[in-house]
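# Report on the structure
Take a look at the letters that make up each chain.
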Amino acid sequence: MLARRFPALNPLHRWLAALALLIPLWWFVYGQLDAAANGLVSALGLTRQTHFGEALHFFFYDTPKVLMLLFGVVFVMGVVQTFFAPERTRALLSGKRLGVGNVLAASLGIVTPFCSCSAVPLFIGFLSAGVPLGVTFSFLISAPMVNEVALVLLFGLFGWQVAALYLGLGLAVAIIAGLVIGHLKMEAHLEDWVQQIARGAAHVPDEQISWVARFETGARHVREIVGKVWPWVLAGIALGAGIHGYVPEDFMAAIMGRDAWWSVPAAVLLGVPLYTNAAGIIPVVQALLGKGAALGTVLAFMMSVIALSAPEMIILRRALKPRLIATFAGVVAGGIMLVGYVFNLVL
Amino acid sequence: MKVTVYGPGCARCQKTAEVVQQVLVARGIPVELEKVTDYAAMAVAGVMATPGVALDGRLVSTGKLPTVAEVESWLG
């Protein structure tokens, strides 16, 4: 398609021309979304004063907004990730001490491509290259929790302050949990076969990646991620719209409000078996927040859903003995609860 | 040629095996496909992100679904 539009250009120039065209267009359309949603609601003969009108406006406005943000950010992250292959991240972390290593590992967790299906080989790859156990855990906690899809949804639905808070606190939980696990010296609680794996296995040769290949990776990333999460976004926003329009104000205050002390641990516990991706849960949670739920409780719930998942524990069980799994879950849950309580107290 | 695909049996690993096989068959190279799903074996081979691909024991790709052009480039 691009080739036909710009036949005289080489692939890189074609990409740059397309981006120069698409970025301002994206910006312009994004600025018109609120007006378009208002127009659409009144064109249907409704006003935002009615429950149904308000729910429709939420849906018409937030769906394109979140999807557009996802397209943009996921593309950029796809390109950024080509600079941080797991092998590169491992080399950066190898031999780092606790402390500096944990901060670095948690930060690299944001930009290194990660899928929980390869958590075990990655975990072992890190350990065998001399990355300390605590540092490896900081990476393993941060990588799924602080991801671009969660941050986009938080930014789109809550604003940049909450997205920044989530980013900062997610990193803090990953760093501190990794430090604690490192200090507990639990290397003996790795499965025996993990302890026996030889150091320095074969590795993929460093390849020079062209910018065209990086852009193509970005586009592929969009197809994979956005292609997977858009039904969740739609379902989440539709449910959220229903809550917005119909659930009475203060409905959630009693069960998720800041006066209910037990709500934070309950939210964390509830999050463990729930393993929807961030895309489905965040729009619902945003709607609950408007109905009297406390921000700390809500953040704790989201972090727990994303960072503490039963399927990932089962995968990790292959490499970790039960005590280390329990410690991992306990330390992360503790960190998340702390975040929840601190927020409910401070805000 | 011996093709080893490392991965827990996910859809992407399946696709990876298909793409590599398709290119080799098109070139008339006989394929002996091996699928490794054991995490310990993956770690020993140096695969940190799945799917991983090795040709005759030489690791050529990890963590992505290779394109036809990429497979061609491994064969030289």
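Residues numbered from 1 in each chain as written. Chains lettered and ligands numbered in written order. Predicted model: local features only at pLDDT ≥ 70, side-chain atom pairs only at ≥ 80, totals over all residues.

Turning to the overall build of chain B, a few remarks are in order. For chain B, the helix and strand inventory stands at three helices and four strands. Element order for chain B, N to C, with α for helix and β for strand: β-α-β-α-β-β-α. Relative to a compact globule of 76 residues, whose C-alpha radius of gyration would be 11 Å, chain B shows 11 Å and is just as compact. Counting only C-alpha atoms and orienting by the principal axes, one finds that chain B spans roughly 35 × 20 × 15 Å. Counting over 76 residues, chain B shows a buried share of 39%. Sequence separation of at least 24 residues holds for 59% of the intrachain contacts in chain B that already meet a minimum separation of 6. (Helix = DSSP H or I, 4+ residues; strand = E, 2+ residues; numbered from the N terminus. Rg over C-alpha atoms; globule rule 2.2 N^0.38 Å. Buried ≥ 20, exposed ≤ 12 C-beta atoms within 10 Å, placed from the backbone. Contact = placed C-beta atoms within 7 Å.)

Residues and elements named next belong to chain B. An order of 2-1-3-4 is seen for the four strands of this open sheet, with the pairing classed as mixed. Of all strands in the sheet, those bounded by a partner on one side alone are strand 2 (32-36) and strand 4 (58-61). Within the sheet, the average angular offset between the axes of one strand and its neighbour, ignoring direction, is 25°. Bridging between strand 1 (residues 2-6) and strand 2 involves five bridges; their strand directions are parallel. Along strand 2, the bridge assignment pairs Tyr6 with Val36. Most of the contacts of helix 1 (residues 11-26) go to strand 1, to which it runs at about 165°, and overall it touches strand 1, strand 2 and strand 3 (52-55). (Pairing = 2+ DSSP bridges. Axes fitted to C-alpha atoms, helices over the stretch in contact; angles between N-to-C directions.)

As a further point, take the environment of Asn147 of chain A. Residue and element names in this part refer to chain A. By secondary structure assignment, the location of Asn147 is in the loop between helix 8 (133-145) and helix 9 (148-158). For Asn147, a count of 19 C-beta atoms within 10 Å puts it in the partly exposed group. Along the sequence, Asn147 and Phe75 sit 72 residues apart, while their C-alpha atoms lie 13 Å from each other.

Another aspect to go through is the packing of helix 3 (residues 33-43) of chain A against helix 4 (residues 51-81) of chain A. All names here are of chain A. Between helix 3 and helix 4, the shortest axis-to-axis distance is 9 Å and the interhelical angle comes to 145°. In this structure, helix 3 crosses over helix 4, and the sense of that crossing is right-handed. The residues of helix 4 that touch helix 3, namely those facing Leu33, Asp34, Ala37, Asn38, Leu40 and Val41, are Gly53, Leu56, His57, Phe60, Tyr61, Pro64 and Lys65. (Left-handed = near helix turned anticlockwise from the far one by under 90°.)

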